[in-house]
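Residues per chain, in single letters:
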Amino acid sequence: MSSETDIKVNSLIENIKKNQDDESSEKSVVKKQPKKQENKDEIRGKPKSGRFWKSQKEKFSTINKTKGLKLDFQKKTALRMELKRTKELSKSLLEQFKEKELERKERRRENIKRTAENKQKSEIVQVITNTAKLKRMKKKQLRFIQKRDTNKAIEASK
């Protein structure tokens, strides 16, 4: 019995030593890391610029970036379809708006043209057959004289 208990005790002592060795190696690793962190978190003096709220910058390579959640195929396709539908809707709305704008512009042009024609029709025209009158007229009266082709008006009235 004594030999069996001795073996058990020795094995327990060896296990304890192994655990202590593992813990000591872990402790040494753990002790090294806080020193690095202490260097980062050191209390800095007041910056020369006076901006005490500015923190020390890190390199972009040290920053850990997390990738977004990956959606499954069905959700991706549903999103694509929704996006496609919204784009088509916005396109159609823009087209309708452009068409309305073009129609408005065309109507405006027609109205301007019609008013000009009506104005021309309603003018009182006096044909000058005697050219000697033109020589007697003053400058102000000559300004109001306009040359027109009366043949078109006569043909249109027939």
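Residues numbered from 1 in each chain as written. Predicted model: local features only at pLDDT ≥ 70, side-chain atom pairs only at ≥ 80, totals over all residues. Heavy atoms only, no water.

- Named according to an unreviewed UniProt entry, the chain is Coiled-coil domain-containing protein 86 originating from Papilio xuthus.

1. Some thoughts on the overall build of the chain
Phase 1: Across its full length, the chain holds five helices and zero strands.
Phase 2: Start at the N end of the chain and walk to the C end: the helices and strands fall as α-α-α-α-α.
Phase 3: The proportion of buried residues among the 158 residues of the chain is 0%.
Phase 4: With the model as given, the accessible surface of the chain reaches about 17,300 Å², and the carbon-plus-sulfur share is 54%. (Helix = DSSP H or I, 4+ residues; strand = E, 2+ residues; numbered from the N terminus. Buried < 20%, exposed > 50% of the residue type's maximum accessible area, 1.4 Å probe, protein only. Areas by Shrake-Rupley, 256 points an atom, 1.4 Å probe, with all protein chains shown as cover.)

2. Topic: a positive patch on the surface
Phase 1: A cluster of basic side chains, namely K67, K70, K76 and R80, defines a positive patch on the protein surface.
Phase 2: For K70, a relative accessible area of 77% translates into the label exposed. (Patch = residues over 30% accessible without salt bridge, like charges linked within 9 Å, V, L, I, M, F, W, Y side chains within 5 Å. Salt bridge = Lys/Arg side-chain N within 4 Å of Asp/Glu carboxyl O. Lys, Arg positive; Asp, Glu negative; His and termini not counted. Charge placed at Lys NZ, Arg CZ, Asp CG, Glu CD.)

3. Concerning the pattern of salt bridges
Phase 1: A complete count under the given rule lists four salt bridges for this structure.
Phase 2: Across the salt bridge formed by E82 and R85, the nearest N and O atoms sit 2.8 Å from each other. With E82 and R85 both in helix α2 (residues 73-122) and three residues apart, this pair spans about one turn of that helix.
Phase 3: For E82, a relative accessible area of 41% puts it in the partly exposed group.
Phase 4: We classify R85 as partly exposed; its relative accessible area is 46%.
Phase 5: One salt bridge connects E106 with R109, and the closest N-O pair in it is separated by 3.4 Å.

4. Side note on the UniProt feature "coiled-coil region" (unreviewed entry) in the chain
Phase 1: Taking the UniProt record as the reference, the feature "coiled-coil region" (unreviewed entry) is found at residues 83-122.
Phase 2: As a span, residues 83-122 carries 100% helix and 0% strand, and end to end its C-alpha atoms are 58 Å apart. (UniProt positions renumbered as here; feature names shortened; annotations may be inferred.)

5. Focus on a nonpolar patch on the surface
Phase 1: Among the surface-exposed residues, I128, L134, L142 and I145 lie close enough to one another that they form a single nonpolar patch of about 270 Å² accessible area.
Phase 2: Residue classification places L134 among the partly exposed residues on the basis of a relative accessible area of 33%.

6. Remarks on the confidence of the model for the chain
Phase 1: Within the chain, residue pLDDT values average 82, and 85% of them lie at 70 or more.
Phase 2: Averaged pLDDT values over the elements of the chain bottom out at 68 in helix α1 (residues 2-40) and peak at 95 in α2. (pLDDT = per-residue confidence, 0-100.)

7. Examining the environment of E123
Phase 1: Counting through the fold element by element, E123 comes out in the loop between α2 and α3 (132-136).
Phase 2: Within the local environment of E123, its side chain forms a polar contact with the side chain of R148, the two groups lying 2.5 Å apart. (Polar contact = N/O pair within 3.5 Å; in protein donor to acceptor, adjacent residues only side chain to side chain.)

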